[in-house]
Amino acid sequence: MPKLIIDDITVEVAEGTTVLEAAQAVDIPIPHFCWHPALGKAGACRACAVKMLEGPVKGIQMSCMLPVQDGMVVSTTDPEAVAMRRHIIEWLMINHPHDCPVCDEGGECQLQDFTIAAGHGIRRYSGKKRTHVNQDLGPFIQHEMNRCIQCYRCVRYYQEYAGGTDFGVMGSAGRVYFGRFQDGELESPFSGNLVDICPTGVFTDKTARFRARYWDYEMAPSVCSGCSLGCNTTPVARYRELLKITARKNEAVNGWFICDRGRFSNSAVNDPQRPRTPLVDGRESTRDEALEALALRIAETEQLYGTGSIAIVGSSRLALEAALLLPQLAQLTSAGALCYFTSEEERATTTSHLGLLSGGTSASQQEIRESDCIVVSGCDPLQDAPMLALAVRQAWRDGATVYVVGDGIVLPCEFTAVAAVDAVPLAAAKKPVLICSASCNSDHPAGLLVQHSQLKLAVIFPAANSYGAAQLAGEQGGVSLERAVASGKIKGIISVEADIPAHLLAGIPFVAALDWRMTETVRAAQIFLPTTAWVEMDGTSINNEGRAQRFKKVMNPGLPIRGLDPAGHPPHLHRTVPPGGEAQPAWQTLALLIERVSGEPVTEPFSGRWERLRGLDAGSEGVMIHDL
Amino acid sequence: MKILSDIAALVTGMWITWKHIFRRPVTIQYPEEKRTPYPRYRARIVLTRDPDGGERCVACQLCSGACPVDCITMQSAEDKDGRRYAEWFRINFSRCIFCGFCAEACPTLAIQMTPDFEICKRDIMDLVYEKEDLLIDGCGKSPDYNYYRHAGIGVTQPRGSGAEEKPPVDVRGLLP
Amino acid sequence: MEQILFRHNRPGRCVTFAEYQGEGGFVALKKALSGMSPDEVQQAVIDSGLRGRGGAGFPTGKKWSFVPRNLTGPRWLICNCDEMEPGTYKDRILLEANPYSLVEGMVLACYAIGVRHSFIFIRRGYEQAAANLRRAIAEATAAGLLGENIQGSGFSCDIDVHVSAGRYICGEETALMNALEGKRANPRAKPPFPAIKGLWGGPTVVNNVESLANIPAIIAQGPRWFKGTAATPEASGMKLFCVSGHVATPACFELPLGMTLGEIIDGPCGGMRPGSNFKACLPGGASTPYFTPAHLGVPMDFDPVAKAGSRLGTGGIVVFDQHTCMVAATLNLVKFYARESCGWCTPCREGLPFVVHLLEQIESGQGSEEHITILKEHVQYLNYAFCALAPGAMGPVDGLLRHFEDEVREHIITGKCPCRS
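Rules behind the numbers
- Residues numbered from 1 in each chain as written.
- Chains lettered and ligands numbered in written order.
- Predicted model: local features only at pLDDT ≥ 70, side-chain atom pairs only at ≥ 80, totals over all residues.
- Heavy atoms only, no water.
- Helix = DSSP H or I, 4+ residues; strand = E, 2+ residues; numbered from the N terminus.
- Rg over C-alpha atoms; globule rule 2.2 N^0.38 Å.
- Buried < 20%, exposed > 50% of the residue type's maximum accessible area, 1.4 Å probe, protein only.
- Contact = heavy atoms within 4.5 Å.
- Areas by Shrake-Rupley, 256 points an atom, 1.4 Å probe, with all protein chains shown as cover.
- Lys, Arg positive; Asp, Glu negative; His and termini not counted.
- Charge placed at Lys NZ, Arg CZ, Asp CG, Glu CD.
- Polar contact = N/O pair within 3.5 Å; in protein donor to acceptor, adjacent residues only side chain to side chain.
- Buried area = accessible area lost by both parts, 1.4 Å probe.
- Salt bridge = Lys/Arg side-chain N within 4 Å of Asp/Glu carboxyl O.
- Nonpolar A, V, L, I, M, F, W, Y, C, P; charged D, E, K, R; others polar.
- Pairing = 2+ DSSP bridges.
- Patch = residues over 30% accessible without salt bridge, like charges linked within 9 Å, V, L, I, M, F, W, Y side chains within 5 Å.
- Disulfide = S-S within 2.5 Å.
- Axes fitted to C-alpha atoms, helices over the stretch in contact; angles between N-to-C directions.
- Parallel < 35°, antiparallel > 145°, perpendicular 65-115°, else oblique.
- Left-handed = near helix turned anticlockwise from the far one by under 90°.
- Core = buried A, V, L, I, M, F, W, Y, C linked by side-chain atoms within 4.5 Å.

(A) Spatial organisation of the overall build of chain B. A tally of regular secondary structure across chain B gives four helices and six strands. Taken against the 2.2 N^0.38 rule, which gives 16 Å for 176 residues, the C-alpha radius of gyration of chain B at 26 Å runs more than 25% over that of a compact globule. With the C-alpha coordinates of chain B rotated into their principal frame, the extents come out at 105 × 40 × 30 Å. Per-residue burial for chain B yields a buried fraction of 36% across its 176 residues. Looking at chain B alone, contacts between residues at least 24 apart form 68% of all its contacts between residues at least 6 apart. As displayed, chain B has an accessible area near 10900 Å², and 59% of this comes from carbon and sulfur atoms. Each charge class in chain B can be summarised by its mean position, and for the 24 positive and 24 negative side chains these summaries are 7 Å apart.

(B) View of the environment of Lys131 of chain B. All names here are of chain B. Of note, Lys131 is situated in helix H4 (residues 131-134). As a C-alpha pair, Lys131 and Trp88 span 43 residues in sequence and 6.0 Å in three-dimensional space. Setting aside residues up to four positions removed in sequence, Lys131 forms contacts with Leu47, Glu55, Tyr85, Ala86 and Phe89. Within polar-contact distance, the side chain of Lys131 engages the side chain of Glu55 at 2.9 Å.

(C) The arrangement of the interface of chain B and chain A in detail. If you look at the interface, chain B gives 41 residues, while chain A gives 37 residues. Buried surface at the junction of chain B and chain A, both sides included, amounts to about 3400 Å², of which 53% is carbon and sulfur. For the pair chain B and chain A, the interface holds two salt bridges. Salt-bridge contacts for Arg159 of chain B lead to Glu144 of chain A; the nearest nitrogen and oxygen are separated by 2.6 Å. Here chain B and chain A share 19 residue pairs in polar contact (both at pLDDT 80 or more) between them. Only helix H2 (62-66), strand S2 (72-78), strand S3 (84-92) and strand S6 (165-168) of chain B provide two or more residues apiece to the side of chain B that touches chain A. With six residues, the top contributor of residues to the side of chain B that touches chain A is S2 of chain B. Residues of the side of chain B that touches chain A, tallied by class, amount to 21 nonpolar, 10 polar and 10 charged. As defined by bridge partners, strand S6 (residues 129-131) of chain A adjoins S6 of chain B across two bridges and the pair is classed as parallel. Bridge pairing in S6 of chain B places Lys129 of chain A opposite Glu165 of chain B.

(D) A look at a negative patch on the surface. On the surface, a cluster of negative charge is contributed by Glu251, Glu370, Asp398 and Glu621 of chain A. By secondary structure assignment, the location of Glu251 of chain A is in the loop between strand S14 (241-247) and helix H6 (260-263).

(E) Local environment of the pairing of strand S28 (residues 539-542) of chain A. Residues and elements named next belong to chain A. Burial along S28 is two-sided: Gly539 and Ser541 and Thr540 and Ile542, pointing in opposite directions, are all buried. Looking at chain direction, S28 and strand S29 (residues 547-551) are connected through four bridges and run antiparallel. Bridge assignment links Thr540 to a residue of S29, and that residue is Arg550. The hairpin turn running from S28 into S29, its antiparallel successor, is four residues long, and Gly546 in that turn takes a positive phi close to 85°.

(F) Highlighting the sheet that holds S28 of chain A. Residue and element names in this part refer to chain A. Pairing in this open sheet of three strands is antiparallel, and the strands run S28-S29-S30 from one edge to the other. Strand pairing shows two members of the sheet lacking a second neighbour, S28 and strand S30 (623-624), which therefore form its edges. Of the pairings in the sheet, the one linking S29 to S30 comprises two bridges and is antiparallel in character. Bridge pairing in S30 links Arg547 to Met624.

(G) Spotlight on unusual backbone geometry. With an omega dihedral of 5°, the bond running from Lys190 of chain C to Pro191 of chain C counts as a cis peptide bond. Among the structural elements, Pro191 of chain C can be located in the loop between helix H8 (173-180) and strand S4 (204-208). Pro192 of chain C follows Pro191 of chain C through a cis peptide bond whose omega is 0°. Mapped onto the secondary structure, Pro192 of chain C falls in the loop between H8 and S4. Of note, Gln61 of chain B is a non-glycine position whose phi angle comes to about 75°, a positive value. With respect to the element layout, Gln61 of chain B can be found in the loop between strand S1 (45-47) and H2. Take Gln61 of chain B: its relative accessible area is 2%, and that puts it in the buried class. Here the phi dihedral of Phe26 of chain C falls at roughly 65°; this positive angle occurs in a residue that is not glycine. Among the structural elements, Phe26 of chain C can be located in the loop between helix H1 (17-22) and helix H2 (27-35).

(H) The environment of Cys110 of chain C, seen in detail. Residues and elements named next belong to chain C. For Cys110, the location among the structural elements is in helix H6 (residues 100-113). Through-space distance from the C-alpha of Cys110 to that of Ile159 is 9.7 Å; in sequence the pair is 49 residues apart. The contact partners of Cys110, leaving out residues within four places of it in the chain, are Leu77, Val115, Ser118, Phe155 and Cys157.

(I) A look at the state of the cysteines. Considering all chains together, one arrives at zero disulfides over all chains under this definition. Not part of a disulfide, Cys60 of chain B finds its nearest cysteine sulfur in Cys106 of chain B, a span of 6.0 Å.

(J) Layout of the pairing of strand S8 (residues 167-170) of chain A. Residues and elements named next belong to chain A. Relative to strand S9 (residues 177-180), S8 runs antiparallel, the two being bridged by four bridges. Across the sheet, Phe167 pairs through a bridge with Arg180, a residue of S9. Where S8 hands over to S9, the hairpin turn is made up of six residues, of which Gly171 adopts a positive phi near 85°.

(K) Looking closely at the packing of helix H15 (residues 346-363) of chain C against helix H17 (residues 389-403) of chain C. Residues and elements named next belong to chain C. Running from N to C, H15 and H17 point in directions that differ by 20°, and their axes come no closer than 10 Å. As judged from the angle between their axes, H15 and H17 are roughly parallel. Seen along the crossing, H15 lies across H17 with a hand that is left-handed. Taking contact as the criterion, the partners of Cys348, Leu352, Val355 and Leu359 in H15 are, on H17, Leu389, Ala390, Ala393, Met394, Val397 and Leu400. When its residues are assigned to classes, the contact of H15 with H17 shows 10 nonpolar, no polar and no charged.

(L) Here's a closer look at the nonpolar core. Core analysis: the biggest nonpolar cluster contains 180 residues, and Phe33, Tyr157, Phe178, Ile368 and Ile435 of chain A together with Leu352 of chain C have the highest contact counts within it. When neighbours within four sequence positions are excluded, Ile435 of chain A is seen to be in contact with Ile368, Ile374, Val375, Val376, Ser377, Cys379, Leu388, Val392, Ala458 and Ile460 of chain A. With 68 residues, the next largest nonpolar core counts Leu324, Val459, Ala548 and Phe606 of chain A among its residues.

(M) Fine view of the pattern of salt bridges. All told, the structure shown has 63 salt bridges over all chains when counted by the stated rule. One network of salt bridges, in which partners are shared, links Arg53, Lys90, Asp91, Glu210 and Lys239 of chain C.

(N) Focus on the sheet that holds strand S2 (residues 9-12) of chain A. All names here are of chain A. With mixed pairing, five strands are arranged side by side in an open sheet as S2-S1-S5-S3-S4. Only two strands of the sheet have a single partner each, and these edge strands are S2 and strand S4 (59-62). Across the sheet, the mean angle separating the axes of adjacent strands is 35° when strand polarity is ignored. Where helix H2 (residues 79-95) meets the sheet, it contacts strand S3 (49-54), S4 and strand S5 (72-75), and its direction lies at approximately 165° from that of S3.

Note that all results are geometric; they support no functional claim without further evidence.
Here it is, written out as structure tokens:
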């Protein structure tokens with residue numbers, strides 16, 4: 001473990017660490033643009049200049065290019081190094097446009113931060129600036145090439161990391177241009193990360209254009225709910241509107257990036273059609289009234305149709321806290337069915353694949369990236385869980401062989417098509433991973449896990465908390481709603497964020513729904529209580545590997561200020577609850593209902609073996625369920 | 001003797017008061033007499049226009065960020081020509097301390113302070129000024145500056161024709 | 001004067017294969033393949049003291065010795081014929097007169113290093129030289145001097161002529177390798193050095209045309225003889241000096257290393273042309289600091305020139321007379337480098353146009369004292385760019401500020417160029 005002295009601080013680091021990373025380890029910030037922890041070193045921007053006072057190399061060196069060696073003495077404050085960094089910023093400012101006020105990156109711009117840090121101020125160049133024309137890269141990403149400082153991060157990410165081929169760098173000298181070779185929209189399903197990667201405002205989020213500034217953002221660590229992978233995100237909100245979603249680093253899961261689907265699918269939260277007011281028989285009411293009515297209807301249904309006539313229905317998108325309270329509610333209402341799944345097929349396949357993951361055989365995305373042999377069997381990662389495809393590419397870049405069973409599968413790397421998993425030399429691999437889908441019914445994985453002890457499994461589940469739903473269904477003896485309704489005994493359904501098709505609801509006299517989306521079920525319900533979306537509450541979900549992750553509240557629920565007043569101004573009113581802000585997390589509504597029915601308050605959904613999830617840190621790498 | 005020094009102190013005080021009876025008062029009888037503040041006096045805030053008649057305010061949120069009492073809020077928007085402007089702009093003058101940080105922070109010289117201090121209202125909610133109450137037709141204190149001529153995003157002139165710009169690079173060209 | 005590379009020259013045309021063979025051509029090849037081991041060939045080159053003729057002056061034999069002996073996998077030899085340094089035209093003159101010395105030298109080098117496939121990377125625009133090389137390769141292959149099992153020795157190698165599709169930066173050895181691999185011609189970071197990890201990840205040696213063309217003579221007549229052809233005991237071998245500028249006979253001469261600058265100008269160049277007095281010259285191509293009349297006695301060899309504050313470089317001597325405005329000359333040179341920047345690193349891409357702008361301001365009479373300070377800062381900080389283009393570009397600027405600062409100041413104070421009237 002080589003040791004070096006940086007600014008009089010001694011640091012010991014792992015072999016291969018660069019001087020820049022060693023400095024970051026002791027909180028010494030060194031300005032940099034082209035270096036990125038996920039993309040490695042380039043040496044293009046020359047902004048990370050430091051002075052090597054002693055050691056195998058001497059003089060001004062680029063700290064991002066130098067691996068640490070014993071005996072190095074580094075100074076980041078040496079006058080020559082400081083002057084070098086100031087000159088780099090001066091050079092970058094020669095052509096940089098005067099558009100900070102109208103640029104979305106302002107406030108979260110690495111160039112702004114490092115310009116102040118470098119101490120460059122007065123412009124000494126009196127010539128003219130080079131300009132570029134922009135391209136229309138699609139509905140998600142805004143292109144403004146004048147701002148480019150040519151750090152080459154975008155092309156290195158897009159071509160090397162994400163495997164895209166339609167975007168790159170053209171030209172030479174000061175005329176280099178980063179854009180699509182032909183006009184059109186960006187093709188890569190990971191193109192949204194260009195917004196996070198670009199240190200200036202060349203690539204900005206078009207969907208959140210001109211909405212707010214970084215210092216006004218409401219942000220909190222959260223988890224994407226687009227698929228079962230549970231990539232870590234930081235949603236951004238302002239004025240009660242979810243503006244955009246940015247990636248959050250989690251080495252074990254998504255690394256530094258997220259897919260476009262997770263990044264740009266925030267419209268459901270701001271949807272003006274979102275149901276926000278409690279309804280009783282179509283009439284707006286207060287939460288108390290609605291809960292009262294709900295408790296009454298439950299009692300009525302029990303009276304009319306006997307015990308076992310109520311079905312409590314959760315879903316695989318319901319957060320864990322609420323899912324954990326459903327059994328208690330089922331018991332109190334003498335429910336005939338506790339359902340975590342609507343469809344029997346989904347219940348059966350999810351539960352059977354869950355059984356394969358209980359012994360710590362699940363592969364995290366990090367383990368996929370570090371694998372040496374990957375088999376994709378009977379699923380399409382790029383469609384169903386895009387970040388898995390990106391992880392497979394990283395493994396391929398490091399020399400792994402990728403095999404695909406199935407037709408019509410596209411991956412952002414080369415692979416060998418095989419007819420069946422048996423054709424793959426799994427025994428020769430040290431860290432093989434099998435990627436399959438829960439909805440594809442094959443019993444291959446079980447046998448393979450027995451055969452190869454080092455094999456790990458990555459299962460693509462249908463929704464964000466499928467694992468949690470299946471786990472609880474197994475523990476509590478949950479059945480599918482399909483089966484329960486087919487038995488004919490169910491006369492009342494309490495749906496908690498479930499998507500129940502119309503044909504199952506037909507003939508059910510009493511339907512109550514808790515949800516944050518306008519679904520068929522909500523439309524058919526007699527009693528409706530609004531719940532919060534994932535960005536409006538603290539919650540927990542379990543991803544496809546059985547990793548429980550906490551997401552935190554980003555914003556308060558309520559109608560976005562935009563559009564409230566046709567004249568455009570926010571209203572001159574004083575209230576304690578914003579308009580449309582009656583929603584509360586599903587588990588809290590359930591707790592109130594349970595308290596109303598049983599007389600006992602519920603304060604904490606995590607009890608028993610789930611206790612360890614109580615204070616779960618959103619910034620951690622989560623807790624593996626099989627460890628509980 | 002103490003009583004003598006006490007009397008002396010009393011007499012000194014009363015002498016100063018007596019002296020001031022014959023001095024010219026500095027009080028002016030407002031509102032019949034009014035003092036005109038200097039042009040740089042910091043009172044009512046306005047949003048100015050540029051010499052070409054467009055709104056200067058690009059809703060960059062810098063004044064809002066600089067304001068020590070958070071009395072400025074706004075929403076930025078983009079018009080059909082790509083020009084960034086304020087969809088709505090609100091200053092709560094009951095919070096404003098007239099420090100001038102907003103005018104100092106503004107990069108387009110849009111928000112400026114005028115010497116108009118007579119803005120009292122009976123109802124405090126009348127002190128919340130919207131954009132139509134703040135926008136004036138003139139250039140305020142800076143008659144020459146149009147930010148968009150220097151911005152580099154080509155709103156008031158074609159790309160590459162701004163004040164310090166070369167024409168756009170032809171990526172497919174081979175000439176230097 | 002004895003010539004090594006130019007001994008086979010024919011007036012007005014390229015030497016033929018038969019003529020070259022008749023004059024001792026390919027003797028070295030046969031001698032090495034029949035009686036010497038690769039290590040012995042390499043040692044001969046080391047002993048000869050041959051230093052790279054492409055500009056850097058690194059000892060050629062030492063560069064060959066960096067290639068690890070015991071690695072499996074292919075190794076590569078690249079002949080860098082991407083001659084784009086302004087003021088340098090020696091490789092073209094050589095190849096248009098005699099491509100065979102290079103071919104023979106490359107086979108010898110391949111034998112010494114253990115290379116099976118080698119490349120000649122030639123710039124676009126050297127059509128005649130490329131045609132000569134292709135013909136020479138075909139003739140040598142037909143004669144069994146190139147290709148499979150050369151002369152029955154069991155050693156095989158071949159040479160591929162690749163015409164560059166790029167610009168000046170392709171002459172930088174790592175950018176050249178990127179260009180050969182089909183990537184953008186940005187240079188690579190060193191370390192790892194090409195001798196360890198180069199073309200397609202394998203050990204690679206990149207040598208200049210003139211360096212490789214000297215190898216046959218070294219092997220045929222011995223390293224000690226080669227060393228003795230120089231003018232001073234410290235130097236070794238002869239150099240192609242391509243002279244241009246205000247001399248009576250600007251041409252490419254093969255002269256012993258160690259001849260002084262004054263001797264070169266007064267001798268083969270025939271002195272300055274009528275009406276011209278020596279004011280300054282570039283001793284080794286456009287990226288070297290100027291020499292002034294004070295340097296006329298400097299021996300033209302790598303170390304003495306370096307000690308005198310410049311670099312021998314490619315040996316492209318460009319002579320300026322008293323009518324030349326040094327600011328304008330420097331501006332012309334830096335403009336070239338600013339255009340040829342590859343655009344990878346910030347100092348070169350942005351700093352060189354800044355220097356061009358400053359020199360334009362000074363030349364047009366709008367300069368100020370601050371500009372001199374900024375130029376000096378650029379000379380210092382452009383040393384920390386990614387490759388050697390930017391430091392090279394600042395060579396003339398460094399020379400301008402060191403030797404002609406009064407001329408610069410005269411531009412600033414009078415508000416116009418003193419050489420234009």
